[in-house]
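This is what each chain is made of:
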Amino acid sequence: MSAWRPLGRVVVVGAGSAGCVLAARLSERDDVHVTLLEAGPDHRSADTPPEIAGASFVAAKDLPGRSWLDLLATRAAGQDPRVYTRGRGIGGSSAINAMVALPGLPADYDEWVSRFGCTGWGWDDLRPCFEQSALVLHRAPRGEWGEMSMAMAAAVPRAAEGVLLTRTADGRRSSVNDCYLEPARGRHNLTVIGDALVDRVLLDGRRAVGVLLADGRQIPADTVIVAAGAIHSPAVLLRSGVDTPGVGDNLHDHPSFPIALRRHRPAALDALPIATVAMLSSEMGEGSDGVDDLQLLPMEHVDPSMPDLAMVMAALMRSHSRGTVRLASSDPTIDPTVEFDMLSDGRDVAPMTAAIDAVEQALAHPAFAAVGEVLPYDRSPDGVRAALGDYVHAAGTCAMGTVVDTRCGVIGYEALLVCDASVMPQVPRANTHWPTVAVAERLVQLI
Ligand SMILES: Cc1cc2nc3c(=O)[nH]c(=O)nc-3n(C[C@H](O)[C@H](O)[C@H](O)COP(=O)(O)OP(=O)(O)OC[C@H]3O[C@@H](n4cnc5c(N)ncnc54)[C@H](O)[C@@H]3O)c2cc1C
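Residues numbered from 1 in each chain as written. Predicted model: local features only at pLDDT ≥ 70, side-chain atom pairs only at ≥ 80, totals over all residues. Heavy atoms only, no water.

1. With respect to the overall build of the protein chain
Piece 1. The secondary structure content of the protein chain amounts to 12 helices and 19 strands.
Piece 2. Relative to the compact-globule value of 22 Å for 447 residues, the protein chain shows a C-alpha radius of gyration of 21 Å, a close match.
Piece 3. Considering only C-alpha atoms, the protein chain reaches an extent of 65 × 45 × 40 Å along its principal axes.
Piece 4. Within the protein chain, the fraction of its 447 residues that count as buried is 60%.
Piece 5. When the accessible area of the protein chain is evaluated, it comes to approximately 16,100 Å², of which 54% is carbon and sulfur surface.
Piece 6. Counting 38 positive and 55 negative side-chain charges, the protein chain places the averaged centre of each group 3 Å from the other. (Helix = DSSP H or I, 4+ residues; strand = E, 2+ residues; numbered from the N terminus. Rg over C-alpha atoms; globule rule 2.2 N^0.38 Å. Buried < 20%, exposed > 50% of the residue type's maximum accessible area, 1.4 Å probe, protein only. Areas by Shrake-Rupley, 256 points an atom, 1.4 Å probe, with all protein chains shown as cover. Lys, Arg positive; Asp, Glu negative; His and termini not counted. Charge placed at Lys NZ, Arg CZ, Asp CG, Glu CD.)

Rendered as structure tokens:
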């Protein structure tokens with residue numbers, strides 16, 4: 001484990017769910033100066049574009065400049081690569097995500113300790129980090145729910161309560177830019193720089209001494225924390241020549257299968273797309289306890305050009321299949337090659353099938369017939385593989401226990417840390433924003 005040392009001048013690479021938490025919390029300390037670097041645009045909370053502040057994450061993610069448009073990924077073998085959405089700009093993916101806030105199961109984090117040796121990262125350690133996070137959480141009132149959410153609540157009683165969302169009581173998105181960075185902006189020891197694409201970490205031997213930006217600027221540092229997300233953090237390390245085994249391996253997400261409906265009445269495109277989710281159990285136990293490992297996600301609208309198209313996603317919240325992130329080029333403006341290889345581990349096939357069964361059962365409820373007509377889909381093994389999607393929950397590519405130690409220090413290096421969804425050795429059975437925030441809160445406690 002990396003020895004404790006003063007942090008001094010800290011450079012944080014990436015202003016997403018983890019990076020903003022790190023910058024805000026570390027700059028609470030007078031002995032630290034934090035420079036937060038973000039590839040996309042920076043703005044104050046009050047200047048948040050309406051598409052990002054509003055109810056629809058579909059509008060947020062489609063806002064020019066706020067996602068990595070050239071980033072492609074292959075979900076399952078045989079598929080062509082398609083865009084893999086990641087947030088870009090201040091707040092990172094928390095500024096464009098669907099705002100669902102779930103912590104995951106205690107067993108998810110206890111497994112980080114028992115199976116991956118991540119001492120200090122069990123549920124008892126992380127629970128306070130969830131509870132004390134500065135995230136603003138609120139359930140949408142029923143009056144704001146769309147027909148799809150109402151139908152899911154009728155079909156699956158566990159969906160009736162609705163899900164916590166990272167937004168205020170008056171419905172404004174609360175990204176980590178709003179709830180972490182904004183209150184810290186006035187500090188003399190915090191500098192936020194937008195439009196700053198980091199090429200690589202500068203190393204003196206095996207010690208990080210700063211970063212090089214794609215435009216040639218160098219920023220010296222006593223400590224570098226890479227928080228560029230599960231796709232770009234391994235890419236930054238690989239461009240830097242970091243030779244720790246496992247960088248870019250262990251890529252995984254929650255595989256999903258979409259079933260579309262043609263709505264009888266089109267949705268309002270500025271309406272909240274997701275107000276509830278249904279967690280169910282496959283009760284299939286090979287390498288898993290089979291509890292709450294399925295998520296059914298009803299979406300009111302998914303595409304601005306087709307307001308009559310709705311969707312239910314069947315997601316497998318616990319998968320064994322693993323893929324890779326590899327450099328396509330040493331040029332920092334070229335995104336890495338991303339292959340998830342979902343369903344390559346045979347243990348994932350039966351629970352994925354159970355997830356699709358569960359959606360079909362829900363859709364058989366008359367409440368859904370009143371919303372729209374289910375469009376044809378192919379649930380043969382080949383059909384499932386061809387249509388398989390992601391859940392935008394990439395994790396694991398700088399895994400704790402393999403690439404980083406239990407202080408998030410890159411093994412074999414000094415003054416170089418990684419902290420974001422990439423350090424999760426196994427993604428929890430939850431949407432990944434709140435867990436990523438908790439991971440960053442935990443690292444700050446530890447250092
Ligand atoms: C469309 C969408 C919907 C989602 N919905 C939900 C949801 O409803 N609930 C939920 O819990 N999770 C959701 N997620 C997932 C969740 O938001 C992410 O898992 C989480 O935000 C990841 O945090 P992170 O800190 O690892 O990375 P990010 O938040 O992605 O932050 C990484 C940051 O690093 C920057 N960066 C990358 N490379 C460089 C570089 N070289 N130089 C400088 N900066 C760089 C990026 O621009 C980005 O701002 C969603 C994600 C997406 C994309």
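Next comes the rest of the write-up.
2. Let's talk about the layout of surface pockets
Any space left empty among the atoms is revealed by the rolling of a water-sized probe across them.
Piece 1. In this structure, the second largest pocket spans a volume of roughly 320 Å³.
Piece 2. Forming the boundary of the second largest pocket are 19 residues, of which L102, G162, V163, V277 and M279 lie nearest the centre.
Piece 3. Residues belonging to the lining of the second largest pocket are distributed by class as follows: 11 nonpolar, three polar and five charged. (1 Å grid on protein atoms, 1.4 Å probe; cavity = no way out; pocket = protein on both sides within 12 Å on 5 of 7 lines; lining within 4 Å. Points joined across faces, edges and corners; volume = space filled by probe spheres on them. Nonpolar A, V, L, I, M, F, W, Y, C, P; charged D, E, K, R; others polar.)

3. Description of the site of the ligand
Piece 1. Not every one of the 39 residues close to the ligand is listed here, only the nearest: S17, E38, S93, V100 and T432.
Piece 2. With respect to the ligand, the backbone of A18 contributes an N or O atom lying 3.0 Å from an oxygen atom.
Piece 3. One of the backbone N or O atoms of G89 is found 3.5 Å from an oxygen atom in the ligand.
Piece 4. In the complex, the protein chains occlude 98% of the 1,000 Å² of accessible area that the ligand would expose alone.
Piece 5. Listed by contribution, the elements that provide at least two residues to the shell around the ligand are helix 1 (17–26), helix 8 (229–239) and helix 12 (433–446). (Near = heavy atom within 4 Å. Polar contact = N/O pair within 3.5 Å; in protein donor to acceptor, adjacent residues only side chain to side chain.)

4. Describing the packing of helix 5 (residues 123–131) against helix 12
Piece 1. As a packed pair, helix 5 and helix 12 sit with axes 8 Å apart at the nearest point and diverge in direction by 110°. As judged from the angle between their axes, helix 5 and helix 12 are roughly perpendicular. The residues of helix 12 that touch helix 5, namely those facing D125, L126, C129 and F130, are W434, P435, A438, V439, E441, R442 and Q445.
Piece 2. Residue composition of the contact of helix 5 with helix 12, by class: seven nonpolar, one polar and three charged. (Axes fitted to C-alpha atoms, helices over the stretch in contact; angles between N-to-C directions. Parallel < 35°, antiparallel > 145°, perpendicular 65-115°, else oblique. Contact = heavy atoms within 4.5 Å.)

5. Concerning the pattern of salt bridges
Piece 1. Throughout the structure, instances matching the rule amount to 30 salt bridges.
Piece 2. Salt-bridge contacts for D249 lead to R326; the nearest nitrogen and oxygen are separated by 2.6 Å. A residue pair is termed long-range when its members are at least 10 positions apart, and D249 in the loop between helix 8 and strand 12 (256–263) and R326 in strand 16 (residues 324–326) qualify at 77 residues.
Piece 3. By relative accessible area, which is 36% here, R326 ends up partly exposed. (Salt bridge = Lys/Arg side-chain N within 4 Å of Asp/Glu carboxyl O.)

6. Here we look at the nonpolar core
Piece 1. L22, L26 and L416 are the most contacted members of the largest nonpolar core, which has 120 residues in total.
Piece 2. The biggest single contributor to this core is helix 9 (residues 349–363), with eight residues.
Piece 3. If near-sequence neighbours (up to four positions away) are discounted, L416 is found in contact with V201, A208, V224, V226, L237, V242, C408, G409 and V410.
Piece 4. Counting 29 residues, the second largest nonpolar core, distinct from the first, contains A55, W145, A260 and L297. (Core = buried A, V, L, I, M, F, W, Y, C linked by side-chain atoms within 4.5 Å.)

7. With respect to the environment of P332
Piece 1. Within the secondary structure layout, P332 lies in the loop between strand 16 and strand 17 (337–339).
Piece 2. Overall, P332 belongs to the buried group, its relative accessible area being 12%.
Piece 3. Each residue touching P332, except ones within four places of it in the same chain, is listed here: L197, V198, D199, A214 and R239.

8. A closer look at the state of the cysteines
Piece 1. This model, assessed by the stated rule, comprises zero disulfides.
Piece 2. No disulfide involves C179; its sulfur sits 8.9 Å from that of C20, the nearest cysteine. (Disulfide = S-S within 2.5 Å.)

9. Considerations on the side chain of E441
Piece 1. Summarising the element assignment, E441 is placed in helix 12.
Piece 2. Leaving out residues up to four positions away in the same chain, E441 has contacts with V21, R25, C129, Q132, S133, A134 and Y180.

10. Quick look at the sheet that holds strand 7 (residues 190–193)
Piece 1. One open sheet accounts for five strands, arranged 7-2-1-11-19; its pairing is parallel. Either end of the sheet is taken by a strand with one partner, and the two such strands are strand 7 and strand 19 (416–418). The mean angle between the axes of side-by-side strands here comes to 15°, regardless of whether they run parallel or antiparallel.
Piece 2. The sheet contact formed by strand 2 (residues 33–37) and strand 7 spans four bridges and is parallel. Bridge pairing links L37 to I193 in strand 7. (Pairing = 2+ DSSP bridges.)

11. Considering the pairing of strand 11 (residues 223–226)
Piece 1. In strand 11, alternate side chains face the same way, and those of T223 and I225 on one face and V224 and V226 on the other are all buried.
Piece 2. Note that strand 1 (residues 9–13) and strand 11 share four bridges and pair parallel. Opposite V11, over in strand 11, you have V224 as the bridge partner.

12. Details of unusual backbone geometry
Piece 1. Even without glycine at this site, V392 takes up a positive phi of about 50°.
Piece 2. Among the secondary structure elements, V392 is positioned in the loop between helix 11 (381–387) and strand 19.
Piece 3. Phi at A415 is positive, roughly 60°, even though this residue is not glycine.
Piece 4. Here A415 is to be found in the loop between helix 11 and strand 19.

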